[in-house]
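Reading the structure
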Amino acid sequence: MSYLSFSPDGRQLASRDQSGVIRLWDVAVGQVPVTFPGTGAHLSADGKRLATFRFGEVRIWNTETAETIRSLPLKDQENTSDVAALSADGRRLALASPLPW
């Protein structure tokens, strides 16, 4: 299953291939300056942070340096989804989880 998400300003596009690689595209030049491991991703409004999901973990990345800002383990690895949203400033992360019923 593929995945696509534009940054709110439309300058970046996050895509995922079937091997679990997130590519962050520079839309203006059509190049991939950096890749990240993950099954899902969400860009902050300013495009400076990227949240990725993989194997019961959420990572927040600096998109300019490709360095991890923070890594958060997910308690219930089987009942988590790849749905999330970063706040406009990239400082808060909301995660969705399926209901238990």
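Structure report, in brief. (Residues numbered from 1 in each chain as written. Predicted model: local features only at pLDDT ≥ 70, side-chain atom pairs only at ≥ 80, totals over all residues. Heavy atoms only, no water.)

Things to note about the pattern of salt bridges
- By the definition in use, this model includes two salt bridges.
- With a closest N to O distance of 2.7 Å, Arg23 and Asp17 form a salt bridge.
- Take Asp17: its relative accessible area is 23%, and that puts it in the partly exposed class.
- Its salt-bridge partner being Arg59, residue Glu57 comes within 3.2 Å of it at the nearest N-O pair.
- Glu57 gets classed as partly exposed once you look at its relative accessible area, which sits at 24%.
- Among the residues examined, Arg59 registers a relative accessible area of 28% and is labelled partly exposed. (Salt bridge = Lys/Arg side-chain N within 4 Å of Asp/Glu carboxyl O. Buried < 20%, exposed > 50% of the residue type's maximum accessible area, 1.4 Å probe, protein only.)

Details of the sheet that holds strand 8 (residues 67–73)
- Strand order across the open sheet formed by four strands is 5-6-7-8, with antiparallel pairing between neighbours. One side of each edge strand has no neighbouring strand; the edge strands of this open sheet are strand 5 (40–43) and strand 8. Looking at each pair of strands side by side, their axes are set apart by 20° on average, direction ignored.
- When strand 5 meets strand 6 (residues 49–54), the two strands line up antiparallel, connected through four bridges. Pairing of Gly40 across the sheet is with Phe53, part of strand 6. (Pairing = 2+ DSSP bridges. Helix = DSSP H or I, 4+ residues; strand = E, 2+ residues; numbered from the N terminus. Axes fitted to C-alpha atoms, helices over the stretch in contact; angles between N-to-C directions.)

Re the side chain of Thr63
- Looking at the secondary structure, you find Thr63 in the loop between strand 7 (57–62) and strand 8.
- Residue Thr63 is classed as buried on the basis of its relative accessible area, which comes to 9%.
- A polar side-chain atom of Thr63 sits 2.5 Å from the main-chain carbonyl oxygen of Gly47.
- If we ignore the near neighbours within four places in the chain, the residues touching Thr63 are Gln12, Leu24, Val34, Phe36, Leu43, Gly47, Lys48, Arg49 and Leu50. (Polar contact = N/O pair within 3.5 Å; in protein donor to acceptor, adjacent residues only side chain to side chain. Contact = heavy atoms within 4.5 Å.)

Comments concerning the pairing of strand 2 (residues 12–16)
- Taken across its five residues, strand 2 has five buried, putting it largely inside the fold.
- The alternating pattern of strand 2 places Gln12, Ala14 and Arg16 on one face and Leu13 and Ser15 on the opposite face, and all of these are buried.
- Both strand 1 (residues 3–6) and strand 2 contribute to a ladder of four bridges, which runs antiparallel. Residue pairing across strands places Ser5 opposite Ala14, the latter belonging to strand 2.
- Here strand 1 hands over to strand 2 after five residues, with Gly10 in that stretch at a positive phi of 80°.
- Pairing geometry for strand 2 and strand 3 (residues 21–26), over five bridges, is antiparallel. Looking across to strand 3, one finds that Arg16 is bridged to Ile22.
- Where strand 2 folds back onto strand 3 in an antiparallel hairpin, the turn is made up of four residues, including Gly20, whose phi is positive at roughly 85°.

Any functional reading would require information beyond the geometric quantities listed.
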